Each structure stands twice: as C-alpha cells, then as structure tokens.
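Commentary on secondary and tertiary structure
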Amino acid sequence: MLVTGTSSGVGAALARQLLSAGHRVIAIARRADQAPETPGLIPYACDLADPQATAALMAQIVASHPELTVVINNAGIQLPLRLDDPALDPAGLERELAVNLLAPAIVARAVLPRFSASAEPTAIVNVSSGLAFHPKTITALYCASKAGLHSLTQSLRYQCSGTRIQVSEAILSGIRQGRDEIYIGKARLLPILNRLAPAIPRAMLRRS
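1. Some thoughts on the environment of isoleucine 165
Mapped onto the elements, isoleucine 165 comes out in strand 6 (residues 165–171). Taking relative accessible area as the criterion, isoleucine 165 reaches 9% and is therefore assigned buried. Taking the C-alpha atoms as reference points, isoleucine 165 and valine 70, 95 residues apart in sequence, are found 9.3 Å from one another. Aside from chain neighbours lying at most four places away, what touches isoleucine 165 is Leu112, Phe115, Ser116, Thr122, Ile124 and Cys160.

Pasting the structure below:
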C-alpha cells in the first residue's frame, strides 16, 4: 500500500495501523527520509507541492514496486488565514492547492496504467473532508480544494467504471473496502443532516 502525508496526524496513524496489520507501506512525506527504520515501512521523501518531483517519484515507485495495488492520497495542508488577511502569502495558496488537489491527481495518473492491467482488485482512496460540502469562513482555499478533490474522485470513478479499480473517498476508524464514500468520525452525521436539515451542518462548519 502507498500512503501520502505520513509525517504526522492521520497519515502517520494510518501507516502504523497498516503496518500492525501486516501490510507493507510505501510512505511518502516531506520528512520521510528522517523516519526511523521500521519493518515493512518503505519511506520516500518528496515535497508534494512540487508537481514535477511528485511525478518523477511516482514513476520510480511504479517501476520499483510492481506489487502495489492500493494508493491512499492522504496528504493535505490547511492555511488558517482569510483571503483578505495581509499575512497571507500567495505562494502558500499555490502550495495548498498543489498538495490538496494536484498531487492526488498526479499520483492517481501514475498508477492507473498498472492498476488497469492488474488481474487483482486495486484501489485509489482520496482522503477528503466534510468542509468540501459545507465550507468554513477562515479556510476558503482548503475547503475549495477538498471540494475539487471530491469532484475529481467522482470523475475518476466514472473513468474507472468497468475496471477492477475501486475509487473511494474517505470523508474525515478505518477504511472499509468497497465503499465509494466513507464518512469518518463526526463526518458520519453529514449524510443524515444533509437530508433532514442541510442548514445545520452548513452553519456549524462555517463557524468552526
């Protein structure tokens, strides 16, 4: 399995769970080269904000790991600044969009030929957020990038129709096989609230 963004947070916890379950984990993170040696962990250091570096690394991984059948695009960054905040650096906006939306597309593109030709079931999982559906005030581009990732995941699922590739979206405890959209933690309530009272989650997430 390949997991991006394993330096900390959800990615680090996910990598640990997969390793404890006996899986080999190809871990991509900016500081992956500083990771302690762990049986089953194969670290690769890469700045996913750099599209060329991401594409080059993925070409290397696809060539070196023909056993790869599952990709989890987990890496993400969030700038807690309004667009009208003078402290906001436009370069940060580019980085946020590159990591949250462009990198998952590049990673998926790299594995699609191998996955399409595989005789085994394969999977691409994109880790999204409830903020893709109900954005909050202070992190406009993060919310927009996750909305873009949601749309990208749906389009990719359409493109993979008729293949053995399962394309899923994990909406931020675990990932259950065979689901198109997987709501995790508090996000499990979103489908219900969206049906019964859509104004409630919209207001809650806006103020969060």
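2. Notes on helix 3 (residues 90–117)
The terminal C-alpha atoms of helix 3 lie 41 Å apart, and with 28 residues this matches the ideal 40 Å at 1.5 Å per residue to within 8%. The axis of helix 3 is deflected most strongly, by about 40 degrees, at valine 111, and proline proline 113 appears within four residues downstream. If you check the start of helix 3, you find a side-chain oxygen 3.0 Å away from the backbone N of alanine 91, and it comes from aspartate 89.

3. Concerning the environment of isoleucine 42
Assignment of secondary structure puts isoleucine 42 in strand 3 (residues 41–45). Here the alpha-carbon distance between isoleucine 42 and alanine 27, two residues 15 residues apart in the chain, equals 5.9 Å.

4. What to know about the packing of helix 3 against helix 4 (residues 140–159)
Interaxial distance between helix 3 and helix 4 falls to 8 Å at its minimum, and their mutual angle equals 15 degrees. Viewed along their axes, helix 3 and helix 4 adopt a mutual orientation that is roughly parallel. Our pair here, helix 3 against helix 4, has a crossing hand that is right-handed. Facing helix 3, whose interface residues are Leu93, Glu96, Leu97, Asn100, Leu101, Pro104, Ala105, Ala108 and Leu112, helix 4 presents Leu141, Tyr142, Ser145, Gly148, Leu149, Leu152 and Leu156. Residues of the contact of helix 3 with helix 4, tallied by class, amount to 12 nonpolar, 3 polar and 1 charged.

5. A look at the side chain of serine 128
Counting through the fold element by element, serine 128 comes out in strand 5 (residues 122–128). Only 3.0 Å separates the side chain of serine 128 from the side chain of glutamate 169, close enough to count as a polar contact. Not counting residues up to four positions away in its chain, the partners in contact with serine 128 are Lys146, Leu149, Glu169, Ala170, Ile171 and Leu172.

6. Points about the confidence of the model for the chain
With 80% of its residues at a pLDDT of 70 or more, the chain shows a mean pLDDT of 83. Averaged over each element, pLDDT in the chain is lowest for helix 5 (residues 190–196) (46) and highest for helix 2 (residues 51–64) (98).

7. Concerning the pairing of strand 2 (residues 25–29)
By the criterion of burial, strand 2 is predominantly enclosed, with 5 of the 5 residues buried. Side chains of strand 2 alternate between two faces, with Val25, Ala27 and Ala29 and Ile26 and Ile28 buried alike. In terms of strand pairing, strand 1 (residues 2–4) meets strand 2 through 3 bridges, oriented parallel. Paired with valine 3 across the bridge in strand 2 is alanine 27.

8. Topic: the side chain of histidine 65
Along the polypeptide, histidine 65 turns up in the loop between helix 2 and strand 4 (70–73). For histidine 65, a relative accessible area of 8% corresponds to the buried category. For histidine 65, the side chain forms a polar contact with the side chain of tyrosine 44, separated by 2.9 Å. Once residues within four sequence positions are removed from consideration, histidine 65 is found in contact with Ile26, Ile42, Tyr44 and Arg114.

9. Comments concerning the packing of helix 2 against helix 3
The axes of two packed helices give the description: the angle between them and the distance between them. In the contact formed by helix 2 and helix 3, the axes pass within 9 Å of each other and the chain directions differ by 25 degrees. For the element pair helix 2 / helix 3, the angle class is roughly parallel. Relative to helix 3, helix 2 is oriented so that their crossing is right-handed. When helix 2 is examined against helix 3, the residues Pro51, Thr54, Ala55, Met58 and Val62 are found in contact with a partner set consisting of Leu102, Ile106, Val107, Ala110, Val111 and Arg114. Tallied by class, the residues present in the contact of helix 2 with helix 3 amount to 9 nonpolar, 1 polar and 1 charged.

The rules behind the values
- Residues numbered from 1 in each chain as written.
- Predicted model: local features only at pLDDT ≥ 70, side-chain atom pairs only at ≥ 80, totals over all residues.
- Heavy atoms only, no water.
- Helix = DSSP H or I, 4+ residues; strand = E, 2+ residues; numbered from the N terminus.
- Buried < 20%, exposed > 50% of the residue type's maximum accessible area, 1.4 Å probe, protein only.
- Contact = heavy atoms within 4.5 Å.
- Expected span 1.5 Å × (residues − 1).
- Bend = angle between axes of the 7 residues up to and from the residue.
- Polar contact = N/O pair within 3.5 Å; in protein donor to acceptor, adjacent residues only side chain to side chain.
- Axes fitted to C-alpha atoms, helices over the stretch in contact; angles between N-to-C directions.
- Parallel < 35°, antiparallel > 145°, perpendicular 65-115°, else oblique.
- Left-handed = near helix turned anticlockwise from the far one by under 90°.
- Nonpolar A, V, L, I, M, F, W, Y, C, P; charged D, E, K, R; others polar.
- pLDDT = per-residue confidence, 0-100.
- Pairing = 2+ DSSP bridges.

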